[in-house]
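# Results of the structural survey
Each chain, written out:
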Amino acid sequence: MNNISVIGSGTMGNGIAHVYAQNGYKVALIDVQQNALEKALATISRNFDRQISKGTLTEDDKAMALGRIKTFTNLEEGVKSADLVVEAATENISVKLDLFRQLDQICKESTILATNTSSISITKIAAVTGRADKVIGMHFMNPVPVMKLVEVIRGYATSDEVTSKIMDLSKKLDKVPVEVNDYPGFVANRILMPMINEAIYTLYEGVAGIEEIDTVMKLGMAHPMGPLQLADFIGLDVCLSILRVLFDGFGNPKYAPCPLLVNMVEAGFKGVKSGEGFYKYTPGVKEFVVSPQFKK
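Residues numbered from 1 in each chain as written. Predicted model: local features only at pLDDT ≥ 70, side-chain atom pairs only at ≥ 80, totals over all residues. Heavy atoms only, no water.

For clarity, the threshold we go by: UniProt positions are given in the numbering used here, feature names are shortened, and annotations may be inferred rather than shown by experiment.
In the nomenclature of an unreviewed UniProt entry, the chain corresponds to 3-hydroxyacyl-CoA dehydrogenase family protein from the organism Shivajiella indica. Quoted verbatim from the Sequence similarities (unreviewed entry) heading of the UniProt record, the comment on the chain is "Belongs to the 3-hydroxyacyl-CoA dehydrogenase family."

## Things to note about the UniProt feature "domain: 3-hydroxyacyl-CoA dehydrogenase NAD binding" (unreviewed entry) in the chain
Our working definition: Numbered from the N terminus, helices here are DSSP runs of H or I no shorter than four residues, and strands are runs of E no shorter than two.
Annotation from UniProt places "domain: 3-hydroxyacyl-CoA dehydrogenase NAD binding" (unreviewed entry) at residues 4-182. Helix makes up 44% of residues 4-182 and strand makes up 22%, while its end C-alpha atoms are separated by 24 Å.

## As for the pattern of salt bridges
How we decide: Put simply, a salt bridge is a Lys or Arg side-chain nitrogen that is within 4 Å of an Asp or Glu carboxyl oxygen. Burial classification: accessible surface area is computed with a 1.4 Å probe over protein chains only, and a residue below 20% of its type maximum counts as buried, one above 50% as exposed, and the rest as partly exposed.
All told, the structure shown has 13 salt bridges when counted by the stated rule. Close ionic contact of Asp-174 with Lys-148 constitutes a salt bridge, the shortest N to O distance being 2.7 Å. Taken together, the residues span a long stretch of sequence, with Asp-174 in the loop between helix H7 (160-172) and strand E8 (176-181) and Lys-148 in the loop between strand E6 (135-140) and strand E7 (149-154) at a distance of 26 residues. Lys-273 serves as the salt-bridge partner of Asp-237, at 3.0 Å between the closest nitrogen and oxygen. Taken together, the residues Asp-237 in helix H11 (residues 236-250) and Lys-273 in the loop between helix H12 (259-266) and strand E9 (279-281) connect sequence positions 36 residues apart. According to the relative accessible area criterion, Asp-237 is partly exposed, its value standing at 23%. Take Lys-273: its relative accessible area is 52%, and that puts it in the exposed class. Sharing partners across several salt bridges, the network here consists of Glu-87, Glu-91 and Lys-96.

## Points about the packing of aromatic side chains
The criterion, for reference: Side-chain rings of Phe, Tyr and Trp, where Trp is taken by its six-membered ring, are said to pair if the distance between their centres is within 6.5 Å; with planes under 30 degrees apart they count as stacked, over 60 as edge-to-face, and otherwise as tilted.
Going through the model one piece at a time under the given rule, you end up with 7 aromatic pairs. Geometrically, the ring pair formed by Tyr-279 and Phe-288 is edge-to-face, given 5.1 Å between the ring centres and 80° between the ring planes. Within the aromatic cluster, the residues linked to one another by ring pairs are Tyr-20, Tyr-25 and Phe-140.

## Some words on the nonpolar core
Note the cut-off: Only buried residues count toward a nonpolar core, which is a set of Ala, Val, Leu, Ile, Met, Phe, Trp, Tyr and Cys residues joined through side-chain atoms within 4.5 Å. Here, two residues are considered to be in contact whenever any of their heavy atoms come within 4.5 Å of each other.
Tyr-20, Leu-84, Met-138, Phe-140 and Ile-166 are the most contacted members of the largest nonpolar core, which totals 34 residues. Tyr-20 has contacts with Ile-4, Tyr-25, Val-27, Leu-84, Val-86, Met-138, Phe-140, Leu-169 and Leu-173, leaving out every residue within four places of it along the chain. Counting residues in each nonpolar core, the second largest holds 28 residues, with Leu-203, Cys-239, Tyr-279 and Val-290 among its members.

The following block contains the structure:
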């Protein structure tokens, strides 16, 4: 597999394109908006600069890697030569199903179709194609250039051969792949999201404040950031979406989203991406403070 197409140039998509290009693969980065692609290339360039400043990459490495990335706003043009397509579009089931229907029609018969979904059923996505054996989950962690883990999720019909290829490919990206089966939330989010939800309930029920909850988890459990800060970083809308997938998939009330989370998302408080969630963020400033709405 030499030709990789990445659909979606947002945070996850540009990170995935970054790691493939850095490791010698030709990358077609696809988005419906040209300005989104230009923003993605600028982000990738800045992230390469961070690696250069740390001595893990040279200017020549950066130039060669950027030279391997081509951008497309036309889906068919972007995937026609792909050996592997990695879909990193918005976490919306209808968007993903529509994309995979199209990809099945326009990609080469041999092309493997992967999705970076963090919770949506691989089996359900594969079912809208005529190549369910070649559909697989390839769930990278954010930030992609830094985080080592890739959850490799087998759908009900994913073949052993395709799974083996994706496991091997992940290792060539200097990642650590973990094979898991296709159940709601897979492993990472099945465990992480109930913890985040419980932290929100702990705040909602007045047990402790935002900074207190995050401090307990950082200092007591050695987490690099507290669950409420992490929720802001992931996106509160994304957290809510994943919890709903878990709740719908298992029918278990323990996965029911906290009403506070629902209200915050409906009010537009989505975390870092919107500038405010549990904490308030100022563009270009590293420091952040507890959101004024939670101050006594």
